[in-house]
Amino acid sequence: MREIETHEDAVRRVLRRDDLLTLAAAADRAVGIVRQRDLEARRGTAGATLFDLALERQVALAEGDRRWAIRAQAWDHAAVLVRYCALVGTELVSTYTAAEMHARALRELEEHGGPPGVRRLDKDLTLGVFNRYHAARDLRLDGRHQEALDLARRSPQDLFGTGAEPHIAHCLYEVGAGFIERGGARQVRGQLDELEGYWHDTRAKGFSTHYRYEFVRALAAWAARPGDPRARRHFEDSMRLLGIDPAGEDVTAHDGEDHRGVRELSVLLAAAEYLAATGDGADRATATDLAARALEVADEVRARWRVIARSRAPLAEVFHRMYGDIALLAHRIGDERAARLGLRAALSAKSTGFATRIRDGLTFDGNPLVDNLLTQIVEIENPEPGPMTDTPQSRREQLEALREELVDAVSPMLADTVFPPPADVAELIAKIGPRYALDYVELRDSLDRTAFFRTLIEPGGRMAFDRFDPGEDFRTLVEQGTRIGDLVRALRDIDLDSMPGLADEGGVDFRGLARDVLPARLTEEILPAAGPDAPVRLLVSAHSWLSLVPWAALRVDDASTRLVQRAVISQCPVLTCLSGDLPPRVEGDALIRLVGRDERVSVYGEQLRGVHVAQERDAWGLGLSDDGVRLSSGRLRADAVPQRHEGRFDDALRERDRWQFLHIATHGGGKGFDQLLGIPGEPLSAARALGLRWPASVLMASCHVGLVLNDHGSEPLSLVMALLTGGARCVVAGIDSVDDASTGRVAAAMVRSARSLHLPLDVALRNAQLAEIAAGTPASGWALLSAYVQ
């Protein structure tokens, strides 16, 4: 087992994750109330703006409503929003601090008068307990531990026989958490033990909040003495009280203001981390099972609350950090069962959903069908409240029907991106088939620390999952390259001797980068067994700045062997969108549009002459000239010369299933769904491309349009992703600015391969890159073209 953190850090992680989960559930309720009442919040409002709107409405209620209970609740909601956003780093401007608003909420509840020296009861005892618990949590998170403890201390006798009595467990949890955080675990453990009779021998043993008392006792025992058997017993009691059988199969994610799956997720993961940190092999196996079941609860909660990992809904950031915690746990356990757990967490963190972008005002210009379907999805997910509102079951049925319409109208991949399916590792292994696959993800955990994780999946399903450090050198190089212009300059002629990530001779240190990012088993065992004529098939799903790595150029040994010399490399932004088929052979009818130097295009306001297309024209048998080739078509045969195809480019693509190959050469630019192909008279945006039907094989000899940024907080929306969701099976494109001459040679070689050998595009790309390496072409001339697959 890999040791990666102290017991003290492990307990801190549990406490912070519980804070994040409980705050997120409360923040979701505060935002949800506004969303239900306010049309502006229900439609077309981005997540950050939604928080602003919710805070504005809650403060207005708190300052202006005549009813003290409404004012108290509104102040509490507003304070929760401010604290949550501060905790997860979401910008939210507030006139008041969270502590000030919690104090105002408590003042609204104070009874006036009564005997001097006697603690006054709140006007509403249940609301008072919750608001005090929230206020104490806020003070603790602000580092004001003694004030938090003074506020949270409440005897059960104070509320005995009232409806508020069960909720005293929340205050006890806060007392325990406060003592643990300031190093007093042994002290508070004794105080909590004194209440055992109350919780075990009175009606309190049946309170739904009883688990909270046992949970904080487990944390206190763990923090006081790692390996204390009492911690194990208290974790078991906490799970039993929640209906979680460690040896069972099912876990129920409860609904309700204080539930939302938060209870189960917090306890399940804490128990798993405790067993992994303190137990033996059998305990670590149980830890893997508990964490896997936590992922199942998370999937259920995400589905019920429509939370996509990359969306900006209140719970989204918490899920992302929870996935980071699970990935760390999987790395720590280190066996193959844990590797599957880590991969599932990584896939869940990278799951995508175009429908959520509609809330951010994204529209699909020129694609009314897709736009209308996605708008319907958002309206069903966010119904207007009222007696005619459909039931959850009815809404699920409507959404499933719309999913099938998306499958029929565009492709299964589009349906999977709109409705992200839960990660099914067995199904994914079957789809990967004879390939090796590398999945990467950068995750932030509950302690606000970031780390990279990778999974190596081998044919047959063997896999390894680990945390790794890719170093900052290449990240800095990429960021610097972005600032000075283009990554290609860093690969070719950058003149910054002191920049990290460069080898002694001034080029990119591809050997060092390979050592940092590729697993040792791949470079030391798998690739050496493959020869130039018997390459392995390698599928890469990158993430964060690793999306910009020119994988083909990596040097996998000290003999300077390039990765492309041992592997046919393809990329897939998200493995859950992978189809089971390898890229098809290129044959049938082709569509060609080459924008030559005799044409002018506009790319984001910049007027440009077309590109050098002489070599590509020659490969099609159209003569050695840089003049453009207007829209043309022809059979993929060595003796067939393309002929002019009348009409517009997008009209031709609407000839459903006619075309098997598309070749475009022009300027491209932009990022994400703003990416654009400069075609004279009909520029093609990624958003418009989404609704078109694309050939199975697409070659785009264009700058930037192969750039698929794949970051936390944003979805991998791009022209390549649009083509893949629109039916393309393999797309070759440039990830940055590409050199006209060398890119023309590579594209021309691929066209000749398509016309004579009918090789799949990823294989044809590799063959062309090998020819460039043999000719001594620098990496900038061939490594920035990548093959993406569905």
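Everything that follows concerns the structure shown earlier in this document.
Note that residues are indexed from 1 along each chain, following the sequence as it is written. Under the rules for a predicted model, residues below a pLDDT of 70 receive no local features and side-chain atom pairs below 80 are neither given nor counted, while totals for whole chains, interfaces and linings still include all residues. In computing side-chain properties, one takes all heavy atoms of the structure into account and sets aside hydrogens as well as water.

**Some remarks on the overall build of the protein**
No. 1: Helix and strand content of the protein: 31 helices and 17 strands.
No. 2: To sort residues, take the accessible area from a 1.4 Å probe on protein chains only and compare it with the maximum for the residue type: under 20% means buried, over 50% means exposed, and anything in between is partly exposed. Across the 790 residues that make up the protein, the buried fraction comes to 60%.
No. 3: Pairs at least 24 residues apart make up 72% of the contacts formed inside the protein by residues separated by at least 6 positions.
No. 4: In the structure as shown, the protein presents an accessible area of about 29800 Å², 47% of it carried by carbon and sulfur atoms. Numbering of helices and strands runs from the N terminus, with a helix taken as a DSSP run of H or I at least four residues long and a strand as a DSSP run of E at least two residues long. Contacts between residues were defined by any pair of non-hydrogen atoms, one from each residue, lying within 4.5 Å. Using a 1.4 Å probe, accessible areas were evaluated by the Shrake-Rupley method; residue-level cover was limited to the displayed protein chains.

**Thoughts on the nonpolar core**
No. 1: For this analysis, a nonpolar core means a set of buried residues of the types Ala, Val, Leu, Ile, Met, Phe, Trp, Tyr and Cys, connected via side-chain atoms within 4.5 Å. Trp222, Leu518, Leu546, Trp551 and Leu554 are the most contacted members of the largest nonpolar core, which totals 200 residues.
No. 2: If one sorts the elements of this core by residue count, helix 1 (residues 7–37) sits on top with 13 residues.
No. 3: Within the second largest apolar cluster, 29 residues are counted, among which are Leu653, Met700, Leu723 and Val731.

**Re the pattern of salt bridges**
No. 1: We define a salt bridge as a side-chain nitrogen of Lys or Arg found within 4 Å of a carboxyl oxygen belonging to Asp or Glu. In total, this model carries 55 salt bridges according to the counting rule given.
No. 2: The salt bridge involving arginine 337 is made with aspartate 289; its shortest N-O contact spans 2.3 Å. Separated by 48 residues along the polypeptide, arginine 337 in helix 16 (residues 336–349) and aspartate 289 in helix 14 (residues 281–305) bring together distant segments of the chain.
No. 3: Residue arginine 337 is classed as partly exposed on the basis of its relative accessible area, which comes to 42%.
No. 4: Owing to a relative accessible area of 32%, aspartate 289 belongs among the partly exposed residues under this scheme.
No. 5: The partner of aspartate 448 in a salt bridge is arginine 321, and the shortest N-O contact between them spans 3.5 Å. With a gap of 127 residues between them, aspartate 448 in the loop between strand 1 (436–444) and strand 2 (450–457) and arginine 321 in helix 15 (residues 316–333) connect regions that are remote in the sequence.
No. 6: A relative accessible area of 3% places arginine 321 in the buried class.

**Quick word on the environment of arginine 17**
No. 1: If you trace the backbone, arginine 17 turns up in helix 1.
No. 2: Counting along the chain gives 430 residues from arginine 17 to leucine 447, while the straight-line C-alpha distance between them is 7.9 Å.
No. 3: Here arginine 17 is in contact with Ser266, Leu269, Ala270, Glu273, Met322, Asp325 and Ser446, once residues within four sequence places are set aside.

**Side note on the environment of leucine 87**
No. 1: In this fold, leucine 87 is placed in helix 4 (residues 68–88).
No. 2: The spatial distance from the C-alpha of leucine 87 to the C-alpha of leucine 20 is 7.7 Å, given a sequence separation of 67 residues.
No. 3: Sequence-distant contacts of leucine 87, defined by excluding residues within four places in its chain, comprise Arg16, Leu20, Leu23, Leu141 and Arg321.

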